[in-house]
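Chain residues, written in single-letter form:
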Amino acid sequence: MAGLEIHREELAGRLTLRLTGTLDGRTATLLRSSLDELGSREVVVDFTHLREFRDSAVAVLTHGLKDRKIQLRGLAGHHERMFRYFGLSTGSAAPPRAYYTPEEVLA
């Protein structure tokens, strides 16, 4: 069974948690515990090196994270949308623009 590895890196006072392996509902609980241990500290969570990221992990992670200073990095578009559906900003400047806007279609 694949697991999740959480690598802690601290550079210039900024803590980054780099994730490798598989993130699912079970391993997301481990990540939540790690985040809870950090208290109110600002954290960057880097998803870039995950081999697999299941949607069930998003629900586990977003519970209670709205009030924290957390930056999410390395998310695919699908997972960015999933976090936004749960009300958590992913730090992206703006969602990707649709190819056609409704105004352009009706024009």
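This text goes with the structure placed above it.
Residues numbered from 1 in each chain as written. Predicted model: local features only at pLDDT ≥ 70, side-chain atom pairs only at ≥ 80, totals over all residues. Heavy atoms only, no water.

**Considering the environment of leucine 65**
- Relative to the elements of secondary structure, leucine 65 occurs in the loop between helix H2 (56–62) and strand E4 (70–73).
- Leucine 65 gets classed as buried once you look at its relative accessible area, which sits at 3%.
- Once the C-alpha coordinates of leucine 65 and glycine 87 are considered, the two residues, 22 residues apart in sequence, prove to be 9.5 Å apart.
- Sequence-distant contacts of leucine 65, defined by excluding residues within four places in its chain, comprise Arg32, Leu35, Ile70 and Leu88. (Helix = DSSP H or I, 4+ residues; strand = E, 2+ residues; numbered from the N terminus. Buried < 20%, exposed > 50% of the residue type's maximum accessible area, 1.4 Å probe, protein only. Contact = heavy atoms within 4.5 Å.)

**A look at unusual backbone geometry**
- Here the phi dihedral of alanine 12 falls at roughly 50°; this positive angle occurs in a residue that is not glycine.
- Looking at the secondary structure, you find alanine 12 in the loop between strand E1 (4–11) and strand E2 (14–23).
- Accessibility expressed as a relative area gives 88% for alanine 12, which makes it exposed.

**Some details on the sheet that holds E2**
- The 4 strands lie next to each other as E1-E2-E3-E4, forming an open sheet whose pairing is mixed. The sheet is open, and its two borders are formed by E1 and E4, each paired with just one other strand. Each neighbouring strand pair of the sheet contributes to a mean axis angle of 20°, computed without reference to strand direction.
- Sheet topology places E2 next to strand E3 (residues 43–53); 8 bridges connect them, and they run parallel. Bridging across to E3, leucine 15 finds its partner in valine 43.
- Sitting on the sheet, helix H1 (residues 25–37) touches E1, E2, E3 and E4, and the angle it makes with E2 is about 170°. (Pairing = 2+ DSSP bridges. Axes fitted to C-alpha atoms, helices over the stretch in contact; angles between N-to-C directions.)

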